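Architecture at a glance
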Amino acid sequence: MKRKPSTEATSAWIRLMRVQSRVLDCVEQDLKKAGFPPLAWYDALLELSRAPSGELRPVELERQMLIPQYSTSRLIDRLVDEGLASRRECKIDKRGQFVEITEAGRELQKRMWGAYSAAIEKYVGSKLSDADAVKLSGLLDRLGCSCGEMKLPPVASVNETSPSR
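Residues numbered from 1 in each chain as written. Predicted model: local features only at pLDDT ≥ 70, side-chain atom pairs only at ≥ 80, totals over all residues. Heavy atoms only, no water.

**Looking at the overall build of the protein**
Quick reminder of the rule: Numbered from the N terminus, helices here are DSSP runs of H or I no shorter than four residues, and strands are runs of E no shorter than two. The contact definition used throughout considers only heavy atoms, calling two residues in contact when any of these lie within 4.5 Å.
From N to C terminus, the protein includes six helices and three strands. For the protein, contacts bridging at least 24 residues in sequence account for 60% of all contacts bridging at least 6.

Here you go:
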C-alpha cells in the first residue's frame, strides 16, 4: 500500500496553492492598474530577452514560462501583433520557427519590471525578512526538484538591470 500524505503535508499543499493563486492575482491587478498587459507577457518577454540570441522556439518558450501557458501560440500571436516579438523561419528545419524579441519588446519588459518589482516587494518582500526568504526558497527548491521535469535556475540578486521573476 502506498503512503498517503500526512494531514500536515496536505495542509501545506493547500496553503501553497492558495497563496500562489492569491499573490499572482494581486500582481496581475497591480500590473493592470499600472496600464500594463498580463504577467504572461512579461514572462515571455523576459525569457526571450534571456535567450543568448534573443530568440527561442515556441516549445522552448513554453517550457521556460513561469506561468502555466496552455495557449502559447495565442500569446506569441499577441506579442507579434503588438510588435513586441517577431517570428522567423528556422533555416535548418523549414517547418520550425523561432520567436525573437524586438526592441519594443525589450523596452516594455523593462518598463513592466518597475510595477512588477514593486508588486513583488509589496506581496512578498515586505512580509518576509531576507533570512525567511532564503529559508522559504530552500524549502521550495526541495519541492521543485522532485518533479523530474525541469530544475529551476538559481535566482540571482534582483536589480533593475537584470530583472528576475
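**Section: the sheet that holds strand S1 (residues 55–56)**
Note the cut-off: We treat two strands as partners when DSSP finds at least two bridges between them. Axis definition: a line fitted to C-alpha atoms, limited for helices to the stretch in contact. Angles are taken between N-to-C directions and run from 0 to 180 degrees.
Strand order in this open sheet of three strands is S1-S3-S2, and the pairing throughout is antiparallel. The outermost strands of the open sheet, each flanked by one partner alone, are S1 and strand S2 (85–89). Pairing of S2 with strand S3 (residues 97–101), which is carried by five bridges, proceeds in the antiparallel orientation. Bridge pairing links Ala85 to Ile101 in S3. Along the sheet, helix H2 (residues 39–50) contacts S1, S2 and S3; its crossing angle with S3, the most-contacted strand, is approximately 100°. This element, helix H4 (residues 72–81), spans S2 and S3 of the sheet and lies at about 110° to S2.

**Some thoughts on the pairing of S3**
Here S1 pairs with S3 via two bridges, running antiparallel. Each bridged residue has a counterpart across the sheet, and for Leu56 the counterpart in S3 is Val99.

**Considering the packing of H2 against helix H5 (residues 103–125)**
Spelled out, the test is: Angle categories: roughly parallel below 35 degrees, roughly antiparallel above 145, roughly perpendicular from 65 to 115, and oblique for all the rest. For any helix crossing, the convention is left-handed if the near helix is rotated counterclockwise from the far helix by under a right angle, and right-handed if that rotation is clockwise. Amino acids are sorted into nonpolar (Ala, Val, Leu, Ile, Met, Phe, Trp, Tyr, Cys and Pro), charged (Asp, Glu, Lys and Arg) and polar (every other residue, Gly among them).
Contact geometry of H2 with H5 gives a least axis separation of 9 Å together with a crossing angle of 125°. Taken as axis vectors, H2 and H5 run oblique relative to one another. Seen along the crossing, H2 lies across H5 with a hand that is left-handed. Mapping the contact onto sequence places Leu39, Trp41, Tyr42, Leu45, Leu46 and Ser49 in H2 and Gly105, Arg106, Leu108, Gln109, Met112, Trp113 and Tyr116 in H5. By residue class, the composition of the contact of H2 with H5 is nine nonpolar, three polar and one charged.

**A few points about a nonpolar patch on the surface**
Here is the rule we go by: Only residues whose relative accessible area exceeds 30% and that take part in no salt bridge are eligible for patches, with like-charged residues grouped when within 9 Å of each other and nonpolar side chains (Val, Leu, Ile, Met, Phe, Trp, Tyr) grouped when within 5 Å. Only the protein chains shown count as cover for residues, with accessible areas throughout obtained via the Shrake-Rupley method and a probe of 1.4 Å. Here a salt bridge means any side-chain nitrogen of Lys or Arg lying within 4 Å of a carboxyl oxygen belonging to Asp or Glu. Each residue's exposure class comes from its accessible area (1.4 Å probe, protein chains only) as a fraction of the maximum for that residue type: buried when under 20%, exposed when over 50%, partly exposed otherwise.
On the surface, Trp13, Ile14, Leu16, Met17, Leu136, Leu139, Leu140 and Leu143 cluster together into a nonpolar patch covering about 690 Å² of accessible area. Where the nonpolar patch is concerned, the elements lending two or more residues are helix H1 (7–33) and helix H6 (130–144). Looking at the secondary structure, you find Ile14 in helix H1. Looking at Ile14, the relative accessible area reads 35%, which means it is partly exposed.

**Here's the deal with H4**
Our working rule: Taken from the helix axis, the directions to the C-beta atoms give the arc we talk about.
If you check which residues of H4 are buried, you get Thr72, Leu75, Ile76 and Leu79. Across the axial projection of H4, the buried residues extend over an arc of 100°, all falling on one side. The exposed set on the far side of H4, more than 90 degrees from its buried face, consists of Ser73 and Asp81. Check the buried side of H4 and you find it contacts H2, helix H3 (58–64), S2 and S3. Following H4 by one or two positions, Gly83 adopts a phi angle in the positive range, close to 75°.

**Concerning the side chain of Glu55**
Mapped onto the elements of the fold, Glu55 is located in strand S1. Here Glu55 is in contact with Leu48, Arg88, Phe98, Val99 and Glu100, once residues within four sequence places are set aside.

**Points about the nonpolar core**
Applied cut-off: Definition of nonpolar core: a set of buried residues of the types Ala, Val, Leu, Ile, Met, Phe, Trp, Tyr and Cys, connected through side-chain atoms within 4.5 Å.
In this structure, Leu31 and Leu79 are the most contacted members of the largest nonpolar core, which totals 29 residues. Elements with a contribution of two residues or more to this core: H1, H2, H4, S3 and H5. In terms of residue count, H2 provides more of this core than any other element does, eight residues in total.

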